[in-house]
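Okay, here's what each chain looks like letter by letter:
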Amino acid sequence: MAEPVTEAAADAPLYLRVAAALREDLANRHIAPGNRLPSERSLSQRYHVNRQTVRSALQLLRDERLVVTDRRGTFASSGPGGPGGEGAAPTPTARRPIFPGGPRAADSLVRASLTWEPPPAPLAPRLLLTPGEPTLVHRHMVLGPQGSTLQRAVSWFSRPALSEIPQLSRYRRGRDCRQQPDLRLLYHWMHQAGLRITHRESVGVPPGPATAGGATRLVVHRVVTDQHGHALEITDIDCSARSASWTYEFSV
């Protein structure tokens, strides 16, 4: 089996390097579909890491549906159509941060779209874009049972985000900008790409009138940066404090 530590990945967190090594073994069929993976203890000895690091790596592979775990142990997925088969998308859970507005927004009725357009002028330098240069923009609305808008979000992605995150880079101008894009796993994709991300969020009550129902509005301004301090995503979220709550989970 390949060792997880390579010169290119030396700055990545340990669990990502272990996951990358196991992913390579799975892709190259060094662990055949349906076969059992070595025990956590064996993996921790092989890669010179503690068992919690191994558990985190295996959880990532479970999220990607590359392995499945039951009371007997952890096994390579059995292929397309089977549990965790190729092409299956990991399911967002409340244990992992969900883009853009947390678990409640992910489980509600939403409308989302992707466009390719310039960001507001003040944001361009932060996104490492030249003035007027277009980038990927994600708009997201959470709707109530009667169709009222509970939450609006708009996100602008930086040049580094589009170059470093494969799942985003496929959305090029004029291609693949579907009407209902599913970016709920964005932060998971960032970790997969070896990015160590920091979320900085400001929550406030904007001046001006309340919502039509009289509820106070809350606004959230989020900037997500990588380990080099480069912005990956800037998001503004506007929600009604009476009918929607702001819940967001993330780990450092």
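Residues numbered from 1 in each chain as written. Predicted model: local features only at pLDDT ≥ 70, side-chain atom pairs only at ≥ 80, totals over all residues. Heavy atoms only, no water.

**Digging into the confidence of the model for the chain**
At step 1: Taken as a whole, the chain shows an average pLDDT of 78; of its residues, 73% reach a score of 70 or greater.
At step 2: A low-confidence stretch, residues 80-89 (pLDDT under 50), is modelled with 15 contacts involving residues beyond four sequence positions or located in other chains. (pLDDT = per-residue confidence, 0-100. Contact = heavy atoms within 4.5 Å.)

**As for the nonpolar core**
At step 1: Counting residues in hydrophobic clusters, the biggest one holds 19 residues, and the most contacted among them are F157, L168, L183, L186 and M190.
At step 2: Listing elements by their share of this core, those giving two or more residues are α5 (159-164) and α7 (186-192).
At step 3: The biggest single contributor to this core is α7, with four residues.
At step 4: Core analysis: the next-biggest nonpolar cluster, separate from the first, contains 18 residues, V18, L26, L61 and V67 among them. (Core = buried A, V, L, I, M, F, W, Y, C linked by side-chain atoms within 4.5 Å. Buried < 20%, exposed > 50% of the residue type's maximum accessible area, 1.4 Å probe, protein only. Helix = DSSP H or I, 4+ residues; strand = E, 2+ residues; numbered from the N terminus.)

**Observations regarding the pairing of strand β1 (residues 67-70)**
At step 1: The pairing of β1 with strand β2 (residues 73-76) spans four bridges and is classified as antiparallel. By the bridge assignment, T69 is partnered in β2 with T74.
At step 2: Counting the residues that bridge the hairpin from β1 to β2 gives two residues. (Pairing = 2+ DSSP bridges.)

**Re helix α2 (residues 40-47)**
At step 1: Along α2, the residues classified as buried are L43, S44 and Y47. Buried residues of α2, seen end-on, are gathered within an arc of 100° and therefore sit on one face of the element.
At step 2: Where the residues of α2 are buried, they touch α1 (14-27) and α3 (51-63). (Arc of directions from axis to C-beta.)

**Quick word on the packing of α1 against α3**
At step 1: Contact pair α1 / α3: the axes reach a minimum separation of 8 Å and the direction vectors enclose 50°. Taken together, the axes of α1 and α3 are oblique relative to one another. In the crossing of α1 with α3, the sense of the turn from one axis to the other is right-handed. Where α1 approaches α3, its residues L14, Y15, L16, V18, A19, L22, R23 and L26 are matched on the opposing element by T53, S56, A57, L58, L60 and L61.
At step 2: Here the residues of the contact of α1 with α3 are counted per class, giving eleven nonpolar, two polar and one charged. (Axes fitted to C-alpha atoms, helices over the stretch in contact; angles between N-to-C directions. Parallel < 35°, antiparallel > 145°, perpendicular 65-115°, else oblique. Left-handed = near helix turned anticlockwise from the far one by under 90°. Nonpolar A, V, L, I, M, F, W, Y, C, P; charged D, E, K, R; others polar.)

**Overview of α3**
At step 1: In a regular helix each residue adds 1.5 Å, so 13 residues correspond to 18 Å; α3 covers 18 Å between its end C-alpha atoms and thus fits that length.
At step 2: Listing the buried residues of α3 in full gives T53, V54, A57, L58, L60, L61 and D63.
At step 3: On its buried face, α3 is in contact with α1, α2, β1, β2 and α7.
At step 4: Two to three positions downstream of the cap, the backbone nitrogen of Q52 sits 3.2 Å from a side-chain oxygen, assigning the N-cap of α3 to N50.
At step 5: Two residues or fewer after α3 comes R65, characterised by a positive phi angle close to 65°. (Expected span 1.5 Å × (residues − 1). Polar contact = N/O pair within 3.5 Å; in protein donor to acceptor, adjacent residues only side chain to side chain.)

**What about the packing of aromatic side chains?**
At step 1: Under the defined criterion, the tally for this structure stands at two aromatic pairs.
At step 2: Relative to F157, the ring of F99 lies with its centre 6.1 Å away and its plane at 45°, an arrangement referred to as tilted. Taken as a pair, F99 in the loop between β2 and α4 (102-107) and F157 in strand β5 (residues 149-157) lie far apart in primary sequence, 58 residues in all.
At step 3: By relative accessible area, F157 is classed as buried at 0%.
At step 4: Ring geometry for F99 versus Y187: centroids 5.9 Å apart, planes at 75°, classification edge-to-face. On the criterion of sequence distance, the pair formed by F99 in the loop between β2 and α4 and Y187 in helix α7 is long-range, its members being 88 residues apart.
At step 5: Judged by its relative accessible area of 2%, F99 is buried. (Phe/Tyr/Trp six-rings, centres within 6.5 Å; stacked < 30°, edge-to-face > 60°.)

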